[in-house]
Structures are given as structure tokens and as C-alpha cells.
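Here's the letter readout for the chains.
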Amino acid sequence: MSEQNHPLKARLRRAERMRQVKAFGLIAPLLGFLLISFVVPIASMMMRAVHDTELSSVWPEVTAAIPSWRDRKALPDEAVFAALAHDIKASHKDRTLSTAARRLNYDLRNGRSLVFSTARALPETAERWTDAVIAANGRWADPETWGAVYRASGPVTGFFLLAALDRNRTATGRIVVAPPDEALFLDVLKRTFVVGLAVTLICLALGYPVAYLLATLPPDRGNLLMILVLLPFWTSLLVRTAAWVVVLQEHGLVNNALIWLGIIEKPMRLIYNQVGVYVAMTHILLPFMILPLYSVMKAIPPTYVRAARSLGAAPATAFLRIYVPQTLPGIGAGGILVFIMAIGYYITPALVGGAGDQLISYFIAYYTSSSVNWGLASALGAVLLAATMILYAVYNRLVGAGGIKLG
Amino acid sequence: MTDSAAPASDVLVRFSGVRKTYDGETLVVKDLNLDIHRGEFLTLLGPSGSGKTTSLMMLAGFEVPTDGEIELAGRSIRNVPPHQRGIGMVFQNYALFPHMTIEENVAFPLMVRGMDRGARSAKAREALSMVKLEDLWRRRPGQLSGGQQQRVALARALVFEPQLVLMDEPLGALDKQLREHMQIEIKHLHQSLGVTVVYVTHDQTEALTMSDRIAVFDDGVIRQLDTPHGLYEEPQNAFVADFIGENNMLAGTVEEMLENGLCRVALADGRHVTARAVNVTAAGQPTRLSMRPEKVHVEDYGPQHVNRLIGTVKETIYHGDHTRLRLAVAGNPEFTVKMRFRPNRPRPEVGERVAVAFAAEDCRALDAPAEDES
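This is a predicted model, so every value here is computed, not measured.

### With respect to the overall build of chain A
- On a plain count of helices and strands, chain A comes out with 20 helices and two strands.
- The C-alpha atoms of chain A give a radius of gyration of 30 Å, which is well past the 22 Å a tight globule of 407 residues would have.
- Here the C-alpha coordinates of chain A stretch approximately 100 × 95 × 40 Å along the principal axes.
- In chain A, which comprises 407 residues, the proportion classed as buried is 32%.
- Expressed as a percentage of contacts within chain A between residues at least 6 apart in sequence, the contacts between residues at least 24 apart total 68%.

Right under this line is the structure:
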């Protein structure tokens, strides 16, 4: 028996293994693609948010020496000053001083001019580097200046993440709120979530009746209407956004029509402000609300509402107590989809919004491409990701993952 | 047969001259006149597309009659919306609300009637214990078997004590054994509660088992409205004879009308049969003769079995207590006879020619199929 059983089991295992290998082979290309194009970039961005070697790459001596600075209320000792002086002179010669200057400028007001003026004024040799450096620029006598150097010494830093939340660290390591004229990102984050939430609610209010109509119409007319819903997908996002500029601008279709009808006398400001952002984003995201709602509604047989009616429920009661609760999975899926897409929106607010209507993605793009502050860009990205995940977790607790139904 | 004699106060539902068309061309329900009595169990029986479900939906208020009037307890319900008709309804797919517990489902009709939480909970539990499901009140519909779900649907339709309960093929989705069990259970509920039930089914066994009266629908009209016994023993037309139970049909022509409601019919092969004239009135009319398989005797007949024919045995099927014979008789190759088991009685062999006999009373001369000979 057992001699016969063993080859049988082995055969079974081999057959199973072949199946698994085949199955893996089928998904391997996609898996590889996702790894390279999605997981790795996100992971490396997250790393950049906390990884900081900019200063240590050009000022190796002072970044190595500064951990010996213990009493943060006093100045560091002579060795650290000497290392700084040596680094400044070396990097001045290598023309890498601007890297250090840029990094310190993130943290210190006028950090850039501080570095350059120190480099220019520093003597070739000195009796005591502490005096010489302070003579070159008096700000080195302030422990807060050294605090900035310490925070930039790497390799791991919370500086960017704190900055993304409008927080600073003092030389002694205390976390303080940034002064109001420097605080920016919490407002942007709040605006991002308010816009995201508002767009989601508008999409729900506009999309629910359409989805209901789609789901209850006979198939032939339903399909026609469905094509109309999907039509915007056939045009590029940029074209659709630009079309809203044409429609909403000062002498655009809407304003001209309203003036012609005599409803208003002067053109209203409909674009490059919040109105433009809400209109364009709602238009673009509406199908993402309608489709999940439609797929859920399509699966609800009409007998439920009929049963409720026959049991004595008025039409409105039957709709609210029986129909709407059964569409909650669709509302959840559509809502999450639209909300997450909305808070990541960049191009639409950039084109139809004003300066004060930009969402967090705009700043991520700005710090990535314009000011090349990848640390801050990554930190903003990390904050957005974290906030999204927290919201999703909350949603998950309230509705349950099973409450999402996309198709 | 029995409805026209009932006093008017006894009538709960009255359809008068009701017609329904969806497309403006074909009538799904043609001139429906039907009185449903208080407390009776009435079944609308018929093949699909015969208009029985449409009639039920018009009564429930989900369809509007194109013509005619429906009265409930003496008042027209033309302008009464479904939720104000006070009619309980049980659907084929149960239609239990999936997002509510069993108790909430059963309490729903009470909730929409404004009963307070404690009272409706108690009442819902009571209704659940009536269908023997009091322990499952906390569950959700998805966690129940089909039979349990159907009982919950029953409890929900009965909990607000409606005067009328409609059931639209409620047992269609259950397996045979459970279906038979539920038939008896529904019948007992009906008897103990005294509620009026209008039941739609296409299953004639179900209709015969449960009903006080059955309305047999075909092509938008009621072909016969009668008790189960009346329908089975005395079908009034060829459709009912064919639809209810098994029947042997023989085509023929009326040759002579006799006394006592009998007639003499010539069969296709020239033989003659004496039959009860049910809807033939004069000599020369084409007719169809109908005989139940258990009323036909083979080689074992007495003097009362006046009609005697010759058949050729095509097939014998042993059923234990009886044997079914398939014979070719007078041009009908599917003539079936139930032969009761007798010891020492040889079974006819296939190909054997046997004598077939039946009484005039058991042979009904019905309407000949009109244009549709399908």
C-alpha cells in the first residue's frame, strides 16, 4: 500500500506544482511591472522623506563631529568648529558649497547667505577656529544655527516630515509649531480633504439618481444612457479640463448666456477660483461614482421594494429603508474611489483653480520639479498617503471591507 | 360552480370585467370575473403566460387593470396604492430584506404602521414562533436555508393580520420534499388563522393539495373554477382535463345525443363509445373523449363498463402496487392504463392485443380542440 501511495502523492505534488508554476507565470509580468513601476518608486520616495545625506556628502567632517555636541544650549566645542571650517574651505574649493547652502537654507532663514559669507570671510589658518568662524559670521554664535547643522547631519531625519506638518525642531530637540508666515502645508492638507469630501458629496448627489435611472431603464435605453456616461472617458483629461476653461471663462459660454438672458449684468468669476475647481473635478470624477452605484443597483431585484410596498410602506419609506441601505456598498465604493482620486488631483486644480485653490499634489510636484527639494516632496507624499490610509481604515471600521463592491 | 350562490357579504375580492394589456394589442387577461370568498384558499393555476400572475399583481396594486374593476371588501381599489391595501404578500424569491435581521424583517410591516419598538418586537417573535423559527430572530436572511426564508416571508406577510394574503409561487424555489412539507404547513396556517389566501402556482399537485377552490387559467381566461375534487373528477373542457392530472384523449364525432346526459360517439377507427356529454350538444359535433388512466380496465371488467375497445400493448412499466400500460387505442398511441396489482394475474406482453373497457360515466365528451391542434 504505502509503496504505492508514495509515488501517488509525489505525482500529485508534482502536478500541483506545475499548476502553481503556470499560474505564477501568468501573473509574473504584471507582478514585475508593478514592482518596478509602483512599489519600488513609492518605497524609495518614502525613504527620501526620512533619509538625508545631502549635507554629509559635502561636509563629511562636521557631520561626523557634531554628534559629540551634547549641551545643546551652549556652543559645540573647538573640534566641531574646526571641522566646520575645514569642510567649508574644502567644499568652497570643490564648488559643492551650494549644496550645503541649499540644504541649510531649508531649515535656517537666510541659511544660504550665511554659508557663503562665512566661506568668503574665513581665514586660511586660525589660532582657534571657534573665534575665527564666529568672526566670519556672528550667527555661528547662536546654538540654533548649530541645531540646523545637527538636524541636517543625517543620515535619518524627521525634519521633512515635521516640515510637511508645519512643525520645526529647536536646537534642543523640542518640536514647535512653525511661525504663521511659514506654516502652509496643514492648510493645504485641510483644503485638499475639504475639496475631496465636497466633490465626493456632489458626485453622490448628482450620480445617485442617474445610476438609479440607468439600473431601472429597459436595457436598450439603459445602454444608450450608459454610453453617455462613459463618453467623457473617450476624451483626454487635459482636453476636458481645458474645455471647462472655455465654458467658464469671463467671456465664456456660461457668462455670455447669463448676460444675454439678463440674469446678470457683469460676468461672474467662475474660473480660477473654487467654483472652477469644484465644477471641473465633479465633471471628471462623476463616472467613477455612477459606475459602482450602477453595478450595485443593477443587482437589486425590484421585488424588494414591491415587498416593502405590499407590507405597508409608502413609496418614500420603501425607498429610504429598503432600497438605499442595499446600495450602501455602491455608495462606499464610489465614495472611496472619487475621494481618493480627488485628493490626488493635480492638473485640474492647476488649470482651473486660483493660487489659493491648489491641492497638496501641486506642492508635491512643485518641490519635486521646481525647487528640487525631494525630501519635502516625499514627506508631503508620505503625509498624503498616511492620511488616506487612516481615512480608509476608519471607513473600513465603519462599513467593513466587504462593504466595497466595484463590480 | 359554487361561487355565484354565495351571499355578497361573503365576498372579499371581486374582479368584474377586468382586462389587462401591456402593449395595447394582446390581452394578457381577458374579461376576468371572479369572486373570492372570505376565509377561502383560492389558487390561480395555469401555465406560464396564462395571466394568473398578472391578475395577482393587479390585486396587489403593482399592475393597473386596463379595464374593469377590482373590489376589496366591497370598495373599489382602483385608486388605492399598494401600501394602503392591507394585503400581505409572499414572493417566489422570498424578498427578505438582506440588510435587516429576521426579527426586523418580520417587524417591518409593524414599523411602517407606527407600532412602538417593544410591541412590534413581541409581535414579530410571536409570528416567528407561529412558523417555528423563534430561535433565529437574530440572524440575517442570508444565513437561513430556503425553507426557513420562506417561513420568515410567511410570518412577515401574516404579522400585521391582513384580511388577505397573496402568494406568488412561494414554493417554486424549494426542492420537492421541502415543498410538500411547506404545502401542508401553509394549509395548516390558513386553517388556524382563517385568513383569505390567493395562491398562484403552475404546479397542479400543489393546487390540488392546498386549495379550497382552484381557478384554472389559460390564455387570459378562467377555464374552470371549481374544488380540487370537481376539477379532477369532472373537468368541464379539454384544457382542464389535460392540465389537471393524467388523462387519455380520444378524438371522435358525436353521432347521437342520448338520454340522461349521455351521448354516442364514433371514434376515428369506426368503433362507438357511450360517453357523458359535457360540452357537446348535438349530433355531428367533433369531440374529445377524456378518461382517467385509473378508470380504464384491461381484461378485468364488469357489466357497468359498457365501452369496450381493443388496444395493442406498447410498453409495460412496473410500479409495485400497479402496472402502467401504454397502449395504442383507436389512433392514440399514448393511451395509458393503470392496472392494479392482483396476485395470479399475468401481465400482458408487449405486442399483445387486449380488451380495454370503461364505464360511460367515466368517459367525458369534451370540446374538440379548435384551431390549435398542437
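Once you've had a look at it, read on.
### Section: the domain arrangement of chain A
- Domain boundaries in chain A define domain 1 (1-43), domain 2 (54-155) and domain 3 (185-403).
- Placing the centre of domain 1 of chain A and that of domain 3 of chain A at their C-alpha centroids yields a distance of 40 Å.

### Re the domain arrangement of chain B
All names here are of chain B.
- Per the domain assignment, the segments of chain B are domain 1 (1-86 + 203-245) and domain 2 (246-367).
- Relative to domain 2, the C-alpha centre of domain 1 lies at a distance of 33 Å.
- The residue inventory of the side of domain 1 that touches domain 2, partitioned by class, reads three nonpolar, three polar and one charged.

### What about the sheet that holds strand β16 (residues 307-318) of chain B?
- One open sheet accounts for five strands, arranged β15-β19-β16-β17-β18 (chain B); its pairing is antiparallel. The open sheet terminates on both sides in strands that have one partner only, identified here as β15 (297-298) and β18 (332-340) of chain B.

### Brief notes about unusual backbone geometry
Residues and elements named next belong to chain B.
- You will see that Asp31, though not glycine, has its phi angle at about 50°, which is positive.
- Along the polypeptide, Asp31 turns up in strand β2 (residues 27-37).
- Although it is not a glycine, Asp219 sits at a positive phi angle of roughly 55°.
- Here Asp219 lies in the loop between β9 (213-218) and β10 (221-226).
- The partly exposed category is assigned to Asp219, around which 17 C-beta atoms lie within 10 Å.

### Section: the pairing of strand β3 (residues 41-45) of chain B
Residues and elements named next belong to chain B.
- Judged by how many residues are buried, β3 sits mostly within the fold: five of five residues are covered.
- Burial along β3 is two-sided: Phe41, Thr43 and Leu45 and Leu42 and Leu44, pointing in opposite directions, are all buried.
- Sheet topology note: the β3/strand β8 (residues 196-201) ladder contains five bridges and is parallel. If you follow Phe41 over to β8, its bridge partner there is Val197.
- The sheet contact formed by β3 and β9 spans four bridges and is parallel. From the neighbouring strand, Leu42 faces β9, where its bridge partner is Arg213.

### Regarding the interface of chain B and chain A
- Contacts between chain B and chain A engage 18 residues on the former and 15 residues on the latter.
- Broken down by secondary-structure element, the contributors of at least two residues to the side of chain B that touches chain A are β6 (87-90) and α2 (102-111) of chain B.
- For the side of chain B that touches chain A, the per-class residue count stands at 13 nonpolar, three polar and two charged.

### What about the nonpolar core?
- Among the nonpolar cores identified, the biggest contains 106 residues, and Leu166(B), Val198(B), Ala215(B) and Ala365(B) are the most heavily contacted of them.
- When residues in this core are grouped by element, the largest group, six residues, is from helix α4 (residues 146-158) of chain B.
- With residues near it in sequence (within four places) discarded, Leu166(B) still touches Leu56(B), Leu59(B), Ala60(B), Ile87(B), Met89(B) and Val198(B).
- Counting 50 residues, the second largest nonpolar core, distinct from the first, contains Phe160(A), Val296(A), Val338(A) and Ile360(A).

### Description of the sheet that holds β3(B)
Residues and elements named next belong to chain B.
- If you walk across this open sheet you meet the six strands as β6-β7-β8-β3-β9-β10, and the pairing is mixed. Because the sheet does not close on itself, it has two edges, and the strands there are β6 and β10. The sheet shows a mean angle of 20° between the axes of neighbouring strands, taken without regard to direction.
- Strands β6 and β7 (164-168) of the sheet are contacted by α4, whose axis makes an angle of about 175° with β6.

### Comments concerning the environment of Tyr208(A)
- Structurally, Tyr208(A) is set in helix α10 (residues 185-216).
- Taking the C-alpha atoms as reference points, Tyr208(A) and Ala132(A), 76 residues apart in sequence, are found 72 Å from one another.

### Let's talk about the packing of α10(A) against helix α17 (residues 328-343) of chain A
Residue and element names in this part refer to chain A.
- Two numbers describe how α10 lies on α17: the axes approach to 8 Å, and their chain directions differ by 140°. When the interaxial angle is binned, α10 and α17 end up oblique. Crossing hand, α10 versus α17: right-handed. Mapping the contact onto sequence places Thr192, Phe193, Val195, Gly196, Leu197, Val199, Thr200, Cys203, Leu204 and Gly207 in α10 and Ile331, Gly334, Gly335, Val338, Phe339, Ala342 and Ile343 in α17.
- Classifying every residue of the contact of α10 with α17 by side-chain character gives eleven nonpolar, six polar and no charged.

The rules behind the values
Residues numbered from 1 in each chain as written. Chains lettered and ligands numbered in written order. Predicted model: local features only at pLDDT ≥ 70, side-chain atom pairs only at ≥ 80, totals over all residues. Helix = DSSP H or I, 4+ residues; strand = E, 2+ residues; numbered from the N terminus. Rg over C-alpha atoms; globule rule 2.2 N^0.38 Å. Buried ≥ 20, exposed ≤ 12 C-beta atoms within 10 Å, placed from the backbone. Contact = placed C-beta atoms within 7 Å. Domains from an automatic or database assignment. Nonpolar A, V, L, I, M, F, W, Y, C, P; charged D, E, K, R; others polar. Pairing = 2+ DSSP bridges. Core = buried A, V, L, I, M, F, W, Y, C linked by C-beta atoms within 7 Å. Axes fitted to C-alpha atoms, helices over the stretch in contact; angles between N-to-C directions. Parallel < 35°, antiparallel > 145°, perpendicular 65-115°, else oblique. Left-handed = near helix turned anticlockwise from the far one by under 90°.

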